Amino acid sequence: MMNRKAQAMRYIAADLLASAAAWTLFFLFRKLYLEPLKYDHPVPLEFGTRFWLGLVLVPLFWVLLFTATGGYTDIFRRFRTKELEQTLLVSFIGSIVIFFALLLDDVVAGPSYYYYSFGVLFGLNFLLLFTFRFLLTSRTVKRVHDRTIGFNTLLVGGNERAIAIHQEIEGLPRSPGNRFVGFVSINGCDQHLVESGLPLLGKWNELRALIPRYGVEEAIIAVESSEHGHISKILNELDATPVRIKIIPDMYDILAGSVKMTSIFGAPLIEVNPQIMPAWQFSLKRAFDIVFSALALVLLSPVFLVIALMVKFSSPGPVFFSQERIGKFGRPFRIYKFRSMYQGAEMNGPQLSSSTDTRITRAGRWLRRTRMDELPQFWNVLIGDMSLVGPRPERQFFIDAILQVAPHYRHLHKVRPGITSWGQVKFGYAENVEQMVRRLKYDILYIENMSLGVDLKILAYTVLIILRGDGK
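In this text, all values refer to a predicted model and were calculated from it rather than measured experimentally.

**Remarks on a nonpolar patch on the surface**
Move 1: Together, L32, L45, F47 and W52 line one region of the surface with nonpolar side chains, adding up to about 420 Å² of accessible area.
Move 2: Examined against the element boundaries, L45 turns out to sit in the loop between helix 1 (4-39) and helix 2 (49-68).
Move 3: Owing to a relative accessible area of 39%, L45 belongs among the partly exposed residues under this scheme.

Okay, structure coming up:
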């Protein structure tokens, strides 16, 4: 049984040990080589406060750097060439930071020794960090190859093509890690895999229910040339799930530009690229969310108090309003707002608001125009349910209605929902499902062009809307 947390802790422990050893060896290098050159005589070897402080802080810095660059994610899917590339890059960046932060003010025998010092610092960190990581990764790769570690895999399709890829993967002397749990039928007739002993779990439109039930981590789409019309429906069904999607190579022209080869020695499969932004950008985005929302909750507390009094005196009822919304990977959460409607506004069921909605209080109308009703969602951002920027979360009732006309809506569930979004800035609040679908294209565009720069632009436009009070 795979224990991802335990494996991640092994990598963290290895990084702490390797970076502590590198810091100690570098300290000895300075004391036994660089300083005697500077003073022209040997110096006593003393492990002072600076050494011990560095021995605590420097390894923690390396762990944070690896965390920010995705060094502890997909912990059982790491391979040695990727480990080499990532460790080389992280070691170089980390060594530059340490050198400029801690070592640049050192007095050395000559300018060239600064380069020598940096080279030794980088070399020690890279050599030790990579050695420890290489050993851990090699052990994991071996366990994947000998089928000790496997990833629950579902075949989509049960035709001859599915039989061929199933037999090929099962017959490989070195497993790529696929542990087949069953297959789903596409047209009801493709059930040939039953003869191979692989159970039929259901139909393709039941994928979203089957994935959590069987702990599916990978899905291999095996579709005949005559069945290509199903591909978009299958991808929509798998969209916004944590499942890795792989297809047989002759579908490459269908998804040109969005796929990459996953293996040279394994079965010939192409993986739909799930990466929206690099890991370091996601880490920076989350760090910015936490810092900004924490500061906002503290600094805007007087504003919260004033708005709370406005809401309380505008109509009977609670100050805050909470409601279940759907977040990343389709997980429900409670969203918080300042109440802008009269109490009991949805006694007759879920309803969307409009510019002439009589359920909105006088204070609520101003809150909605200025987006001030959304301020409590900084708490949702802080606890990780939401982000500052991302598609606006909806209720399941309206999601079901949108999916009837726009199945690609599930694409939005790939990321955390946001307080503000491109769709919110460009389109504003939607008054019906048709407007929700029209706003959807802006949110899809945001995900396809997601970056920290785009987030900053959306935040800037949101601030302008708040200051002008012209939110729709």
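**Brief notes about the environment of F338**
Move 1: When you line up the elements, F338 lands in strand 9 (residues 332-338).
Move 2: Separated by 31 residues in the primary sequence, F338 and I307 place their C-alpha atoms 7.9 Å from one another.
Move 3: Ignoring sequence-local partners within four residues, the contact set of F338 consists of F304, I307, A308, V311, V319, F320, L367, M372, D373, L375 and P376.

**Some details on the environment of I447**
Move 1: By the element assignment, I447 lies in helix 14 (residues 433-448).
Move 2: Placed 33 residues apart in sequence, I447 and K414 show a C-alpha to C-alpha distance of 8.5 Å.
Move 3: Sequence-distant contacts of I447, that is, excluding residues within four places in its chain, are made with I276, P391, H411, L412 and V415.

**Some points on the pairing of strand 4 (residues 218-221)**
On a regular strand, one side chain projects to one face of the sheet and the next to the other, so that they alternate.
Move 1: Here strand 4 shows two buried faces, one formed by E218 and I220 and the other by A219 and I221.
Move 2: Bridging between strand 4 and strand 5 (residues 244-247) involves four bridges; their strand directions are parallel. When the sheet's bridge partners are listed, E218 is paired in strand 5 with R244.

**Quick notes on the packing of helix 8 (residues 279-299) against helix 15 (residues 452-468)**
A packed helix pair is summarised by two numbers, namely the angle formed by the two axes and the spacing between the axes.
Move 1: In the contact formed by helix 8 and helix 15, the axes pass within 10 Å of each other and the chain directions differ by 30°. The angle between helix 8 and helix 15 falls in the class roughly parallel. Here W280, Q281, L284, K285 and F288 of helix 8 come into contact with helix 15, specifically with L452, D455 and L459.
Move 2: Residue composition of the contact of helix 8 with helix 15, by class: five nonpolar, one polar and two charged.

**Some details on the layout of surface pockets**
Move 1: Of the pockets and cavities examined, the second largest pocket occupies roughly 570 Å³.
Move 2: If you go around the second largest pocket, you meet 31 residues; those closest to its centre are Q323, R325, K337, R368 and R395.
Move 3: Secondary-structure elements contributing two or more residues to the lining of the second largest pocket are strand 8 (320-326), strand 9 and helix 14.
Move 4: Ranked by residue count, the leading element in the lining of the second largest pocket is strand 8, at four residues.

**Brief notes about empty space enclosed by the protein**
Move 1: Overall, the coordinates contain two cavities of 30 Å³ or more when judged by the stated rule.
Move 2: Put simply, the largest cavity is a space of about 70 Å³.
Move 3: If you trace the largest cavity, you find it lined by R392, E394, I402, Y409, L412, M436, R439, L440 and D443.
Move 4: Counting residues per element, the lining of the largest cavity draws most heavily on helix 14, which supplies four residues.
Move 5: Considering only enclosed or pocket space, the second largest cavity measures out at about 50 Å³ in volume.
Move 6: What lines the second largest cavity is I326, G327, P391, R392, P393, E394, Y409, L412, H413, V415 and P417.
Move 7: By residue class, the composition of the lining of the second largest cavity is seven nonpolar, two polar and two charged.

**Thoughts on the packing of helix 8 against helix 9 (residues 301-314)**
Move 1: Running from N to C, helix 8 and helix 9 cross one another at 60°; their axes reach a closest spacing of 4 Å. Here helix 8 lies oblique to helix 9, going by the angle between them. Together, A296, L297, V298 and L299 of helix 8 and S301, P302 and F304 of helix 9 make up the contact between the two elements.
Move 2: Partitioning the contact of helix 8 with helix 9 into residue classes produces six nonpolar, one polar and no charged.

**Some remarks on the nonpolar core**
Move 1: In this structure, I307, F338, L375, L388, Y409 and Y446 are the most contacted members of the largest nonpolar core, which totals 38 residues.
Move 2: Those elements that place two or more of their residues in this core are helix 9, strand 9, helix 11 (377-382), strand 10 (387-389), helix 12 (396-405), helix 14 and helix 15.
Move 3: Broken down by element, the residue count for this core peaks at five residues, all from helix 14.
Move 4: For Y409, the contacting residues outside a window of four places in its chain are R392, E394, I399, I402, L403 and L440.
Move 5: In terms of nonpolar packing, the next biggest core, distinct from the first, is built from 32 residues, A22, W23, F27 and F66 among them.

**Considerations on helix 8**
Note on helix geometry: an α-helix contains 3.6 residues per turn, so any two residues three or four positions apart are oriented the same way.
Move 1: Across its 21 residues, helix 8 extends 30 Å between first and last C-alpha, which sits within 8% of the 30 Å expected from 1.5 Å per residue.
Move 2: For helix 8, the full list of buried residues reads Q281, K285, R286, D289, S293 and A296. The arc enclosing the buried residues of helix 8, seen along the axis, measures out at 135°, which places them on a common side. Away from its buried face, by an angle of more than 90 degrees, helix 8 presents the exposed residues V298 and L299.
Move 3: Along its buried surface, helix 8 packs onto helix 9, helix 11, strand 10, helix 14 and helix 15.

**Topic: unusual backbone geometry**
Move 1: In this structure, D74 is a non-glycine residue whose phi angle is positive, near 45°.
Move 2: Along the chain, D74 turns up in the loop between helix 2 and helix 3 (80-103).
Move 3: On the accessibility criterion, D74 (41% relative accessible area) is partly exposed.

**Quick look at the pattern of salt bridges**
Pairing is possible between side chains of opposite charge, provided their charged atoms come close.
Move 1: Within this structure, the stated rule accounts for 14 salt bridges.
Move 2: The salt bridge involving E218 is made with R77; its shortest N-O contact spans 2.6 Å. Of this pair, E218 sits in strand 4 while R77 sits in the loop between helix 2 and helix 3; the two residues are 141 residues apart in sequence, bridging distant segments of the chain.
Move 3: Owing to a relative accessible area of 2%, E218 belongs among the buried residues under this scheme.

Parameters at a glance
Residues numbered from 1 in each chain as written. Predicted model: local features only at pLDDT ≥ 70, side-chain atom pairs only at ≥ 80, totals over all residues. Heavy atoms only, no water. Patch = residues over 30% accessible without salt bridge, like charges linked within 9 Å, V, L, I, M, F, W, Y side chains within 5 Å. Areas by Shrake-Rupley, 256 points an atom, 1.4 Å probe, with all protein chains shown as cover. Salt bridge = Lys/Arg side-chain N within 4 Å of Asp/Glu carboxyl O. Helix = DSSP H or I, 4+ residues; strand = E, 2+ residues; numbered from the N terminus. Buried < 20%, exposed > 50% of the residue type's maximum accessible area, 1.4 Å probe, protein only. Contact = heavy atoms within 4.5 Å. Pairing = 2+ DSSP bridges. Axes fitted to C-alpha atoms, helices over the stretch in contact; angles between N-to-C directions. Parallel < 35°, antiparallel > 145°, perpendicular 65-115°, else oblique. Nonpolar A, V, L, I, M, F, W, Y, C, P; charged D, E, K, R; others polar. 1 Å grid on protein atoms, 1.4 Å probe; cavity = no way out; pocket = protein on both sides within 12 Å on 5 of 7 lines; lining within 4 Å. Points joined across faces, edges and corners; volume = space filled by probe spheres on them. Core = buried A, V, L, I, M, F, W, Y, C linked by side-chain atoms within 4.5 Å. Expected span 1.5 Å × (residues − 1). Arc of directions from axis to C-beta.

Geometry only, nothing functional implied.
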